[in-house]
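Overview (structure and organization)
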There are 4 protein chains.
Amino acid sequence: MTKIGFIGLGIMGGPMAANLVKAGFDVTGYNRSSVKIARLVEAGGRGADSVADAVRDADVVVTMLPDSPDVEAVVLGEDGVLAHAKPGTLLIDCSTIRPDVSRQIASRARAVDAPVSGGEQGAIEGSLSIMVGGAAEDFAAARPVLEAVGSTVVHVGAAGAGQTVKAANQLIVAGTIELVAESLVFLEAHDVDTGAAIEVLSGGLAGNRILDRKAAAMVRREFTPGFRVELHHKDLGIVQAAAREAGVVLPLGAVVAQLMASLKAQGHGGLDHGALLKLVDQLSGRE
Amino acid sequence: MTKIGFIGLGIMGGPMAANLVKAGFDVTGYNRSSVKIARLVEAGGRGADSVADAVRDADVVVTMLPDSPDVEAVVLGEDGVLAHAKPGTLLIDCSTIRPDVSRQIASRARAVDAPVSGGEQGAIEGSLSIMVGGAAEDFAAARPVLEAVGSTVVHVGAAGAGQTVKAANQLIVAGTIELVAESLVFLEAHDVDTGAAIEVLSGGLAGNRILDRKAAAMVRREFTPGFRVELHHKDLGIVQAAAREAGVVLPLGAVVAQLMASLKAQGHGGLDHGALLKLVDQLSGRE
Amino acid sequence: MTKIGFIGLGIMGGPMAANLVKAGFDVTGYNRSSVKIARLVEAGGRGADSVADAVRDADVVVTMLPDSPDVEAVVLGEDGVLAHAKPGTLLIDCSTIRPDVSRQIASRARAVDAPVSGGEQGAIEGSLSIMVGGAAEDFAAARPVLEAVGSTVVHVGAAGAGQTVKAANQLIVAGTIELVAESLVFLEAHDVDTGAAIEVLSGGLAGNRILDRKAAAMVRREFTPGFRVELHHKDLGIVQAAAREAGVVLPLGAVVAQLMASLKAQGHGGLDHGALLKLVDQLSGRE
Amino acid sequence: MTKIGFIGLGIMGGPMAANLVKAGFDVTGYNRSSVKIARLVEAGGRGADSVADAVRDADVVVTMLPDSPDVEAVVLGEDGVLAHAKPGTLLIDCSTIRPDVSRQIASRARAVDAPVSGGEQGAIEGSLSIMVGGAAEDFAAARPVLEAVGSTVVHVGAAGAGQTVKAANQLIVAGTIELVAESLVFLEAHDVDTGAAIEVLSGGLAGNRILDRKAAAMVRREFTPGFRVELHHKDLGIVQAAAREAGVVLPLGAVVAQLMASLKAQGHGGLDHGALLKLVDQLSGRE
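Residues numbered from 1 in each chain as written. Chains lettered and ligands numbered in written order. Predicted model: local features only at pLDDT ≥ 70, side-chain atom pairs only at ≥ 80, totals over all residues. Heavy atoms only, no water.

We now examine the overall build of chain A. Across its full length, chain A carries 15 helices and nine strands. Here the C-alpha atoms of chain A give a radius of gyration of 20 Å, agreeing with the 19 Å that 2.2 N^0.38 yields for 287 residues. The principal-axis extents of the C-alpha atoms in chain A amount to approximately 65 × 45 × 35 Å. The buried share of chain A, taken over its 287 residues, is 62%. When the accessible surface of chain A is totalled, it reaches about 10,100 Å², and 49% of it is carbon and sulfur. Put simply, chain A has 25 plus and 33 minus side-chain charges, and the middle of one group is 2 Å from the middle of the other. (Helix = DSSP H or I, 4+ residues; strand = E, 2+ residues; numbered from the N terminus. Rg over C-alpha atoms; globule rule 2.2 N^0.38 Å. Buried < 20%, exposed > 50% of the residue type's maximum accessible area, 1.4 Å probe, protein only. Areas by Shrake-Rupley, 256 points an atom, 1.4 Å probe, with all protein chains shown as cover. Lys, Arg positive; Asp, Glu negative; His and termini not counted. Charge placed at Lys NZ, Arg CZ, Asp CG, Glu CD.)

The next thing to look at is the side chain of Gln170 of chain A. Residue and element names in this part refer to chain A. Within the fold, Gln170 resides in helix α9 (residues 161-189). Here Asn169 takes part through its side chain, which lies 3.0 Å from a polar atom of the side chain of Gln170. If near-sequence neighbours (up to four positions away) are discounted, Gln170 is found in contact with Phe227, His232, Asp235 and Leu236. (Polar contact = N/O pair within 3.5 Å; in protein donor to acceptor, adjacent residues only side chain to side chain. Contact = heavy atoms within 4.5 Å.)

Turning our eyes to something else, we now look at the UniProt feature "active site" (unreviewed entry) in chain A. Residues and elements named next belong to chain A. Mapped onto the present numbering, the UniProt feature "active site" (unreviewed entry) falls at Lys166. Relative to the assigned elements, Lys166 resides in helix α9. Sequence-distant contacts of Lys166, defined by excluding residues within four places in its chain, comprise Thr96, Pro115, Val116 and Met131. Looking at Lys166, its side chain comes within polar contact range of the side chain of Thr96, at 2.6 Å. (UniProt positions renumbered as here; feature names shortened; annotations may be inferred.)

You can overlay chain C on chain A at an RMSD of 0.1 Å; the transform is a turn of 180° with a shift of 0.0 Å along its axis. Within this description, the copies of the chain are treated as partners about a two-fold rotation axis. Looking at chain C, 100% of its interface residues are interface residues in chain A too, so the copies touch through the same face. (Least-squares fit on C-alpha atoms with pLDDT ≥ 70 in both.)

Take the domain arrangement of chain A next. All names here are of chain A. The domain boundaries assigned to chain A delineate domain 1 (3-158) and domain 2 (164-283). Taking only C-alpha atoms into account, the centre of domain 1 sits 28 Å from that of domain 2. By the criterion of area lost to domain 2, the three top residues of domain 1 are Thr96, Pro99 and Met131, representing 42% of everything that side buries. Taken together, the links from domain 1 to domain 2 amount to five residue pairs in polar contact (both at pLDDT 80 or more). (Domains from an automatic or database assignment. Buried area = accessible area lost by both parts, 1.4 Å probe.)

Counting residues at the interface gives 64 residues for chain A, matched by 64 residues for chain B. Roughly 5,500 Å² is buried in total at the junction of chain A and chain B, and carbon and sulfur atoms are behind 73% of that figure. A per-residue breakdown of the area chain A buries against chain B is headed by Phe186, Leu205 and Leu252 of chain A, which together make up 15% of the total. Inspection of the chain A/chain B interface yields zero salt bridges. Counting every contact that joins chain A to chain B gives 20 residue pairs in polar contact (both at pLDDT 80 or more). Those elements that provide at least two residues to the side of chain A that touches chain B are β8 (128-133), β9 (150-157), α9, α10 (194-203), α11 (209-213), α13 (229-246), α14 (251-268) and α15 (276-283) of chain A. If one sorts the elements of the side of chain A that touches chain B by residue count, α9 of chain A sits on top with 20 residues. For the side of chain A that touches chain B, a count of residues per class yields 39 nonpolar, 19 polar and six charged. (Salt bridge = Lys/Arg side-chain N within 4 Å of Asp/Glu carboxyl O. Nonpolar A, V, L, I, M, F, W, Y, C, P; charged D, E, K, R; others polar.)

The next subject is the pairing of strand β1 (residues 3-7) of chain B. Residue and element names in this part refer to chain B. Counting buried positions over the five residues of β1 gives four, a clear majority of the element. Bridge analysis of β1 against strand β2 (residues 26-30) gives five bridges, and the strand direction is parallel. Across the sheet, Phe6 pairs through a bridge with Gly29, a residue of β2. For the crossover that starts at β1, traverses helix α1 (residues 13-22) and ends in the parallel β2, the hand is right-handed. By the bridge criterion, four bridges tie β1 to strand β4 (residues 60-63) in an arrangement that is parallel. By the bridge assignment, Ile4 is partnered in β4 with Val60. (Pairing = 2+ DSSP bridges. Right-handed = clockwise from strand over helix to strand, strands pointing away.)

Next up on the list: the interface of chain C and chain A. In this complex, chain C contributes eight residues to the contact, which on the side of chain A involves eight residues. Between chain C and chain A lies a buried interface of about 610 Å² when both sides are counted; carbon and sulfur atoms form 57% of it. Contact with chain A buries surface across chain C, with Ala265, Gln282 and Leu283 of chain C losing the most and accounting together for 60% of the total. For the pair chain C and chain A, the number of links is zero salt bridges. Inspection of the region where chain C meets chain A yields four residue pairs in polar contact (both at pLDDT 80 or more). Residue composition of the side of chain C that touches chain A, by class: three nonpolar, five polar and no charged.

What follows deals with the side chain of Ser102 of chain B. Residues and elements named next belong to chain B. Turning to its location among the elements, Ser102 is positioned in helix α6 (residues 99-108). Of the residues examined, Ser102 reaches a relative accessible area of 6% and is grouped as buried. In contact with Ser102, not counting residues within four places along its chain, are Ile97, Asp113, Gly160 and Gln163.

A few words now on the relation of the copies chain A and chain B. The operation relating chain A to chain B is a screw motion whose rotation component is 180°, with 0.0 Å of axial translation and a residual RMSD of 0.1 Å. Same-surface contact between copies: 100% of interface residues of chain A are shared with the interface of chain B.

So, about the packing of helix α14 (residues 251-265) of chain C against helix α14 (residues 251-265) of chain D. For the pair α14 of chain C and α14 of chain D, interaxial distance at closest approach is 10 Å and the crossing angle is 165°. Compared by their axis directions, α14 of chain C and α14 of chain D come out roughly antiparallel. Of the two possible hands of crossing, α14 of chain C and α14 of chain D adopt the one that is right-handed. Across the interface between the two elements, Pro251, Leu252, Val255, Val256 and Leu259 of chain C from α14 of chain C touch Pro251, Leu252, Val255, Val256 and Leu259 of chain D from α14 of chain D. For the contact of α14 of chain C with α14 of chain D, a count of residues per class yields ten nonpolar, no polar and no charged. (Axes fitted to C-alpha atoms, helices over the stretch in contact; angles between N-to-C directions. Parallel < 35°, antiparallel > 145°, perpendicular 65-115°, else oblique. Left-handed = near helix turned anticlockwise from the far one by under 90°.)

Here we come to the packing of α10 of chain A against helix α9 (residues 161-189) of chain B. At a minimum axis distance of 10 Å, the contact between α10 of chain A and α9 of chain B shows a crossing angle of 50°. Taken together, α10 of chain A and α9 of chain B sit at an angle that is classed as oblique. By crossing handedness, the relation of α10 of chain A to α9 of chain B is classed as right-handed. Counting all contacts with α10 of chain A, which are made through Ala197, Val200 and Leu201 of chain A, the residues of α9 of chain B involved are Val165, Ala168, Asn169 and Ile172 of chain B. Each residue belonging to the contact of α10 of chain A with α9 of chain B can be placed in one class, and the counts come to six nonpolar, one polar and no charged.

Our next topic: unusual backbone geometry. All names here are of chain A. Of the consecutive residues Pro225 and Gly226, the connecting peptide bond is found in the cis state with omega at 5°. Mapped onto the secondary structure, Gly226 falls in the loop between α12 (215-219) and α13. Not every positive phi belongs to a glycine, and Arg221 is a case in point at roughly 55°. The partly exposed category is assigned to Arg221, whose relative accessible area is 30%.

Across all of its chains, the model carries 48 salt bridges over all chains by this definition. The salt bridge involving Arg143 of chain A is made with Glu147 of chain A; its shortest N-O contact spans 3.2 Å. With a gap of four residues between them, Arg143 of chain A and Glu147 of chain A both fall in helix α8 (residues 136-147), about one helical turn apart. Its relative accessible area of 47% is what places Glu147 of chain A among the partly exposed residues. Linking Lys234 of chain B and Asp235 of chain B is a salt bridge whose minimum nitrogen-to-oxygen distance equals 3.2 Å. Each member of the pair Lys234 of chain B and Asp235 of chain B is classed as buried. Taken together, the shared-partner salt bridges in this structure form one network comprising Glu188, Arg221 and Asp281 of chain A.

The next thing to look at is α10 of chain A. With seven of ten residues buried, α10 of chain A is to be regarded as a mostly interior element. Looking only at α10 of chain A, the buried set comprises Thr194, Ala196, Ala197, Ile198, Val200, Leu201 and Ser202 of chain A.

The next point concerns the UniProt feature "domain: 6-phosphogluconate dehydrogenase NADP-binding" (unreviewed entry) in chain A. Mapped onto the present numbering, the UniProt feature "domain: 6-phosphogluconate dehydrogenase NADP-binding" (unreviewed entry) falls at residues 3-157 of chain A. In the segment residues 3-157 of chain A, helix accounts for 43% and strand for 25%; the C-alpha atoms at its two ends are 26 Å apart.

Looking now at the environment of Ala265 of chain D. For Ala265 of chain D, the location among the structural elements is in helix α14. With a relative accessible area of 22%, Ala265 of chain D lands in the partly exposed category. Considered as a pair, Ala265 of chain D and Pro69 of chain D are 196 residues apart in the sequence and their alpha carbons are 22 Å apart. Excluding anything up to four places from it in sequence, Ala265 of chain D contacts Gly247 of chain A together with Leu283, Ser284 and Gly285 of chain B.

Residue and element names in this part refer to chain A. Note that Leu20 resides in helix α1 (residues 13-22). Considered as a pair, Leu20 and Gly126 are 106 residues apart in the sequence and their alpha carbons are 9.3 Å apart. When sequence neighbours within four positions are dropped, the list of residues in contact with Leu20 reads Ile4, Phe6, Phe25, Val27, Val145, Ala148 and Val149.

Rendered as structure tokens:
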């Protein structure tokens, strides 16, 4: 039975680890908060006292952490994964971080970057979409693990490529939320029935996942996360840096990054990213 | 058997009229080009020599024309629909035009505005998404006709509301094409496999109809229309005028309208709107 | 002595008419509000009871009105300037309006379009910058009148060209105010002494009239007009329509037009256009 | 006589060092290219073989280098300024770099950051505008040196503040060039005489240094630097990073940064920044 060390048992990592247990893996988890560890134990996993403890006997280590510095500390740090895992252990990093950090890790260990899309709901259902960068044989080795937590698992290129595709994902998601927000405020200002409009828009070329899953809550001005503005702001920072580095011009990407930054600057970093609609309301004098 | 007069047998109107024939309606069609009329006759309809001839005995008149001035001329003009149709004839205008023109027509006749989304393929398949503005009883009367050409037929509000929703549709479609274009160029610049990326992006929160239907052709730089840049440019003009009038601010909408205008100004008005990717290529020095 | 009929004695027109009196012209003024007429009489001019009365004996008619429909009504209307002025009277329209309206007037009368820049202060001081469109001989005839109210009087092209240059002027002014606003908020957020910064910025390549005349009031958040947001919003509408018509893409112009529209939508149409800084404060969470 | 060590004798640094010689300072200069050193010797200065040699006996060290990494290497590096200058030597860094690098240097040495505006012409004429960050007593000590190369020398705040004001300067300059570019293309598209328009625009509220110094060359499509696109692109990167860090939203700043990035991506990094007009031409189909 494959032994998995799992670091980071938060909103996303917790249900992912539980799904690995369900799929028959021997999972030992670690998190700074012991409450999260206890929850994994209830779900049938084991708890560890430290990163070292979690990875020492593992065949595969999965990490699911908030940002690049967290991954650098946990993976490359003094008491980190590389310091304590057996030689040849496969590292699967599901965090959304800077591509260059993923490449740096891959240069020092057997590793794939495997960021996910689909949110808390996708993590619980095991229906995440997972974009994987790394060597073909490492992808092959990682696949059975990833298929236990996601329904779409695709190898998109060399180390870092998973992060690059995730960056594109975050660009499209932020932009689509903003387009839907602009449309909904536009329709309300013209006294159109937004419920009927969402239905008919979904049926044509304008159809998208944001209309399907988030537009109704946006119309109700419900912005409980879900995915937080401050995390999406961080991700759009990665998009912009990567675009600048590669000489790619992003006319809409640059604008939506400013809008997300404004939400955060106005103290809404803890709201769901659907709160981009709040900003269209504000700019249009409709608050 | 309901008698339908159908004006405008082009790329969209031609297959729509044919689908009405298939559904058992008695359709008499008129178009300035007689070739288009001949095609309807082949499909089992009748041909007319003039607008007057097409609408004289009709219970329902359907119009499918390029722009506001065309509809004003054909419907309100001296030898137009209102001058020759029987009192009480129901007018269904499927053109995408300015909402105020739709409201003006509705103030002078029994009429609904019923613009469609779904493109030539949707017109042929009878799977269009149709957004209808007008009185409830007129929508009820129009419904059986519209259900013969579309699979999603929704009443969204009073006269003009169909056009307002269509405007929102065109805003989302243009914006989504641009977001996909920016993402594809971004991915290519980072040497990522775009085919794999499109697959995995489609599976998550970034999923949309443009990724499903147009992204592959965009990657191949194939821009045969489909829906032409110059028509989408016209539609974004309607969006902007309606937003300005209602005091709604569209940060992404304003930018994508400039990009579409640039394509047209550069002589690409006849290409498919997926050509927004050409502009990202150009701006990023990748042509 | 040249007889001048002057229509529109508001914030700008009032002091301009008074300057014409000072320069020795025989000025008969009309305004809907009789208080404004009384002020001209105090300054040594004559009052009229109607447009007809003001223009009947005039050699030159000057109009200074808020918007295109006002000019159309006053000049082309039933009881307007053209109906009552002597044949050959020279019409000098100083209003900021759509270029096509200026061209229409020039096609029906001997007329130049002569919009001004410099604000209330420039009107009082007679130091306006005036951009004149029309035939060379009409410009020559208008020049002595215009030099009594402005210090820079330039013939920029055929009928309508004055309006086109004024549109460009309004684009640069709005954009520069916004650039200064972004810079000031940026400097405050970094705890820089803005007074010292304004001084040093003015001395280099960044130097401009907005830094010289408006930045200090903007830092104090004083937005008493001056030139009102709602008028600048109207003017940016003219800019955008003219750009669209000519196929010119305005990346900054489109964005600043949205920002001005937002100020108006938020109920700040009556503030000075320097209030663009309010919006940067708002977007940056610094209100 | 104050002894000055001067590192960086390029387009800007060369004439600045020569002006210091003229003002009576004892200047020893170093540059990687010995041709530049020879030119300083001709102007009456001394040449050095290394950074160490240039700064060993200096009372004041002036640095004028292209980018943050250059300053870090030359000032903080193993064989750099701090390693070889006497204790208490005043460091005046005139380079345009990241504010945090200036603060880091000020934490390790007696230093002011003193970036300049005014271009090659201002450097030759000694008419630069200089924005100085640092302690009051260090500014007082630097002032006589800076007044030999600039005509506006202002203390704007603590260490790093000079760079922050320079960032704002670069934002306004880039934005103003773009506004002038959009206006000129707009005027040409409407067949207006741009020479006359520049004159009249300069006289009103739209007046700015770009209209005065660069617009005529832009109309002639002459883009010989001057100040290169690739340097301005670097500076706008500093602006954006500093704005993001401080939570300041820059709607125009973000757009003009994309446009400058596009010029560089299209291979125009070596042109003068006035080449933003090329991009407006391109987007408007007027090349």
